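Chain residues, written in single-letter form:
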Amino acid sequence: MTESGIANTASVSRDLALSVPAVKRGRDLICGTLGTLRLKQHDSTRRVVSSELLEQPEPDVARVVTMARTVEDMLFEEQAWWRITGFGPDGFPSQVRRLEPRSVNIQQNGRIYVSNSGQAQGQALEWVDDSQLIRIDSPNPGLLTVGARAIRAAYALEQAASRYAANPLPLGYFTPTADVDPGDDDAVEELLDDFEDSMARRTWAFVGAGLEAKPLQWSPEQLQLSSARDYAVMELSRLMGIDAEELGVSTTSRTYQNAEQRRLDLIDFTLAAYVTALEDRLSMPDVTQPGRYVRAAYSGF
């Protein structure tokens, strides 16, 4: 990581991405919404069959939290991992533990290693057989990789806006008046330190008769921070498949009709991909008995 907190790598960290408000809002819309969606197991006659795994995947974590974090892994990392910790009387998974995607290491020999703690920072790795793992793939590439440049740009603009909020006065410099010796570098540094200290305690500061202030009248508007931040949000909205207005950028006049259409578009063109991925993976024969399948219940959506 650099001093500014922006990594010069192909992908960005999840913490950095979530520090950008637009990414946090997009994550909540997709992952929070799908976390509340109920998954039901059906038999060949379409009758709902009770499933301990779908009702309570992790024994000590709320179902909505497990599912929201699973979708978050799919959104950010392209893959989510569950480690099976319990089997039901029928021999199929009944309890799991969600793993941090970056705690899972797939070797070239096909073996999969997982940190003992299940966290990304874990150092001790243990080999886990495929039969004890459930990998849920996203149909979309991971946002932390394909959206890295857009996230970095949005983060940099947020940092710039924070600097202006902390110091709203215009930038500038001092020049000595005629026939005044500015002194050596140490004297200049001391003068600037005194000036900043005075500004921290008062609105106006005294700079002395031998100096003349030369402000650089660059406002955030002149630097186009506002429009640049809106553009960055729109880029992130495109990457996540979310309408820019849902992230705070006004693009159209909002009416009931187009607000309703945006919600339908969100379901059809964004959420459906993750829902279908979950349904298909949890319907596979290593998770669900043959002849049964998993479907999302949209009745309360």
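Note that the structure is a prediction, hence the values are computed from the model and not measured.

Procedures and definitions
- Residues numbered from 1 in each chain as written.
- Predicted model: local features only at pLDDT ≥ 70, side-chain atom pairs only at ≥ 80, totals over all residues.
- Heavy atoms only, no water.
- Axes fitted to C-alpha atoms, helices over the stretch in contact; angles between N-to-C directions.
- Helix = DSSP H or I, 4+ residues; strand = E, 2+ residues; numbered from the N terminus.
- Parallel < 35°, antiparallel > 145°, perpendicular 65-115°, else oblique.
- Left-handed = near helix turned anticlockwise from the far one by under 90°.
- Contact = heavy atoms within 4.5 Å.
- Salt bridge = Lys/Arg side-chain N within 4 Å of Asp/Glu carboxyl O.
- Buried < 20%, exposed > 50% of the residue type's maximum accessible area, 1.4 Å probe, protein only.

1. Topic: the packing of helix α2 (residues 21–35) against helix α4 (residues 63–77)
Packed helices, taken two at a time, are described by their axes: the angle between them and the distance between them. In the contact formed by α2 and α4, the axes pass within 8 Å of each other and the chain directions differ by 130°. The pairing of α2 with α4 is recorded here as oblique in orientation. The two elements α2 and α4 cross, and the hand of that crossing is right-handed. Where α2 approaches α4, its residues Val23, Arg27, Ile30, Cys31, Leu34 and Gly35 are matched on the opposing element by Arg63, Val64, Met67, Ala68, Val71, Glu72, Leu75 and Phe76.

2. Quick look at the pattern of salt bridges
Taken as a whole and assessed by the stated rule, the structure comprises 18 salt bridges. Between arginine 14 and aspartate 73 there is a salt bridge; the shortest N-O distance is 3.0 Å. With arginine 14 in helix α1 (residues 14–18) and aspartate 73 in helix α4, the pair connects residues that are 59 residues apart, well separated along the chain. The two residues arginine 14 and aspartate 73 agree in class, both being buried. Across the salt bridge formed by arginine 47 and aspartate 43, the nearest N and O atoms sit 3.1 Å from each other. One connected set of salt bridges, linked through shared partners, spans Arg14, Lys24, Arg27, Asp28, Glu72, Asp73, Glu77, Arg98, Glu100 and Arg102.

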